[in-house]
Amino acid sequence: MRHAPVENEKRRMLVKTIDLRSDTITHPTEEMRRAIGTAEVGDDVFGEDPSINRLEEMAARMLGKEASMFTPSGTMSNLIAVLSHTRPGNEVLVGSESHMLWNEVGGASALGGVVMHTVPNDEDGLIDLDVMEAAIRPPNIHYPPTTLLCIENTHNRCGGAVLTPEYTSGMAAVAHRHGLSVHLDGARIFNAAVALGIPAGELARDADSICLCISKGLSAPVGSLLCGHREFVEKARKWRKMVGGGMRQAGVIAAAGIIALNTMVVRLADDHTAAQRLAHGLARIPGITSWPEKVQTNIVMFEPPASNTTPDFIQAMVSRGVRFTYPGGRRVRAVTHRMVDAADIDEALNRIEAQVGGKAET
Ligand code: TLP
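These remarks concern the structure in this document. In this text the structure is predicted, and so the values were computed from the model without any measurement. (Residues numbered from 1 in each chain as written. Predicted model: local features only at pLDDT ≥ 70, side-chain atom pairs only at ≥ 80, totals over all residues. Heavy atoms only, no water.)

## Thoughts on helix α15 (residues 342–356)
A rise of 1.5 Å per residue sets the reference length of α15, with its 15 residues, at 21 Å; its end C-alpha atoms lie 21 Å apart and thus fit the reference within 8%. Residues Asp344, Ile345, Ala348, Leu349, Arg351, Ile352, Ala354 and Gln355 constitute the buried set of α15. In this structure Asp341 caps α15, since a side-chain oxygen of it lies 3.2 Å from the backbone nitrogen of Ala343. Just beyond α15, the residue with positive phi is Gly358, at close to 75 degrees. (Helix = DSSP H or I, 4+ residues; strand = E, 2+ residues; numbered from the N terminus. Expected span 1.5 Å × (residues − 1). Buried < 20%, exposed > 50% of the residue type's maximum accessible area, 1.4 Å probe, protein only. Polar contact = N/O pair within 3.5 Å; in protein donor to acceptor, adjacent residues only side chain to side chain.)

## Points about empty space enclosed by the protein
If you roll a probe as big as a water molecule over the atoms, it shows you where there is empty space left. Using the criterion set out here, one finds two cavities of 30 Å³ or more in the structure. The computed volume of the largest cavity comes to approximately 80 Å³. Contributing to the lining of the largest cavity are 13 residues, with Gly95, Ile127, Cys150, Ile151 and Glu152 lying nearest its centre. Contributions of two or more residues to the lining of the largest cavity are made by β3 (91–95) and β5 (146–152). Of the residues belonging to the lining of the largest cavity, the class tally is seven nonpolar, five polar and one charged. In this structure, the second largest cavity spans a volume of roughly 40 Å³. Ala187, Arg188, Phe190, Asn191, Cys213, Lys216, Gly217, Leu218 and Leu268 are the residues that line the second largest cavity. Among the residues forming the lining of the second largest cavity, the class breakdown is five nonpolar, two polar and two charged. (1 Å grid on protein atoms, 1.4 Å probe; cavity = no way out; pocket = protein on both sides within 12 Å on 5 of 7 lines; lining within 4 Å. Points joined across faces, edges and corners; volume = space filled by probe spheres on them. Nonpolar A, V, L, I, M, F, W, Y, C, P; charged D, E, K, R; others polar.)

## Some words on the sheet that holds strand β2 (residues 67–71)
Overall, mixed pairing links the seven strands, which are arranged β2-β8-β7-β6-β5-β3-β4 in an open sheet. At either end of the open sheet lies a strand with only one pairing partner, and these are β2 and β4 (115–119). When the angles between neighbouring strand axes are averaged without regard to direction, this sheet yields 20 degrees. Sheet topology places β3 next to β5; three bridges connect them, and they run parallel. Bridge pairing in β5 links Val92 to Leu148. In the packing of helix α11 (residues 230–242) onto the sheet, contacts are made with β2, β7 (209–213) and β8 (224–228), and the angle to β2 comes to roughly 20 degrees. (Pairing = 2+ DSSP bridges. Axes fitted to C-alpha atoms, helices over the stretch in contact; angles between N-to-C directions. Contact = heavy atoms within 4.5 Å.)

## Some details on the sheet that holds strand β9 (residues 289–290)
One open sheet holds the four strands; their spatial order is β9-β10-β13-β12, and the pairing between them is antiparallel. Two strands bound the open sheet, and with one partner strand each, they are β9 and β12 (325–328). Relative to strand β10 (residues 299–303), β9 is paired through two bridges, and the arrangement is antiparallel. Along β10, the bridge assignment pairs Ser290 with Phe302. Packed on one face of the sheet, helix α13 (residues 268–283) meets β9, β10 and β13 (331–335) and runs near 15 degrees to β10.

## Comments concerning the environment of Val94
Tracing the sequence through the fold places Val94 in strand β3. Judged by relative accessible area, Val94 falls into the buried class, the value being 1%. Sequence separation between Val94 and Val114 is 20 residues; the distance between their C-alpha atoms is 12 Å. Not counting residues within four places of it along the chain, the set of residues in contact with Val94 comprises Leu101, Met116, His117, Thr118, Val119 and Cys150.

## Comments concerning the site of the ligand
In the vicinity of the ligand there are 15 residues, among which Ser22, Thr75, Asn156, Asp185 and Arg188 approach most closely. Separating an oxygen atom of the ligand from a side-chain N or O atom of Thr75 is a distance of 2.6 Å. Contact between the ligand and Arg188: an oxygen atom at 2.8 Å from a side-chain N or O atom of the residue. The fraction of the free accessible surface of the ligand (510 Å²) that becomes covered by protein chains is 81%. A molecule is said to occupy a pocket when more than half its atoms come within 2 Å of that pocket's grid points, and by this definition the ligand occupies the largest pocket. (Near = heavy atom within 4 Å. Areas by Shrake-Rupley, 256 points an atom, 1.4 Å probe, with all protein chains shown as cover. Sits in = over half its atoms within 2 Å of the grid points.)

Below, the structure is given as structure tokens:
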């Protein structure tokens with residue numbers, strides 16, 4: 001018995017950790033690492049980094065926009081979008097489950113001085129069009145002017161749900177009719193495009209700006225691109241400089257991003273297949289509540305048995321070498337990505353089943 005802690009530690013070191021916390025944990029591929037080593041670079045604050053310029057042109061072309069700008073993170077891209085579309089004292093409509101509301105530290109309000117007016121997201125990440133329209137303030141001396149609508153595709157907290165081009169067009173048409181701009185948080189826009197089997201540009205067509213991330217399922221180490229009209233992107237460059245996102249020889253990062261956009265989009269379908277495998281496996285484990293029919297991309301939400309709190313369950317799974325994140329409430333979030341394969345998913349399911357069944361760690 002005296003040796004148990006040591007034995008436990010040894011065993012833990014032998015057990016492979018299956019990390020389903022996020023697709024952000026993906027490491028750059030060998031090809032990306034080689035490209036990073038030989039990247040052509042210049043000073044990007046002067047607009048002279050050829051690799052950044054190429055990446056920005058590629059992203060704009062793929063999203064059907066005139067221009068794009070590289071930023072170190074999705075959070076910074078979304079913040080700069082708000083800063084560029086609004087003025088302090090304006091009101092921004094955001095979904096009640098949006099990443100911009102929950103996970104971006106309130107930056108738009110703290111740094112942009114805007115009021116975040118939330119409109120309910122349903123469980124598919126949708127905002128009811130009439131509810132959205134009713135939330136737009138009419139002219140009135142008492143009201144902050146509503147100037148921006150933000151939507152999210154795929155929808156993170158709503159389990160990677162996909163918004164269709166028709167939905168986005170409908171929302172954008174109403175927002176534009178009332179003089180609002182539309183920003184699309186498309187951190188995982190290529191997951192949506194792959195799930196629908198359409199070009200990402202169709203999903204971005206009616207948005208005035210879109211942020212996409214290369215650091216998630218696409219496996220680049222760092223970065224996002226904010227895309228839109230040339231004039232919007234020029235304005236955004238000034239804001240990026242102000243918030244400290246102007247980088248110098250950033251081509252070392254862009255080199256990996258170019259490979260991400262060129263080669264990694266199609267393979268997102270593998271992540272979606274893995275998510276299906278996980279979701280259907282979870283549905284077979286007694287005590288776990290899951291919704292496999294809801295899984296559209298690479299995010300799987302489920303609930304542990306009622307006997308466990310969710311944080312306790314997640315902690316117990318850490319000891320069994322499977323990692324998840326906790327989005328709040330009863331739910332556990334699992335995200336599939338390039339660094340987990342079908343065998344890892346099966347092994348994760350075995351370990352979840354052992355935990356739920358009260359079996360000792362092996
Ligand atoms: N999301 C992260 C966490 O912040 C939750 C994750 O693991 O999913 N928009 C959406 C929809 C996102 O999911 C994320 C990252 C961002 C923006 C922000 O991107 P980064 O992390 O690059 O700032």
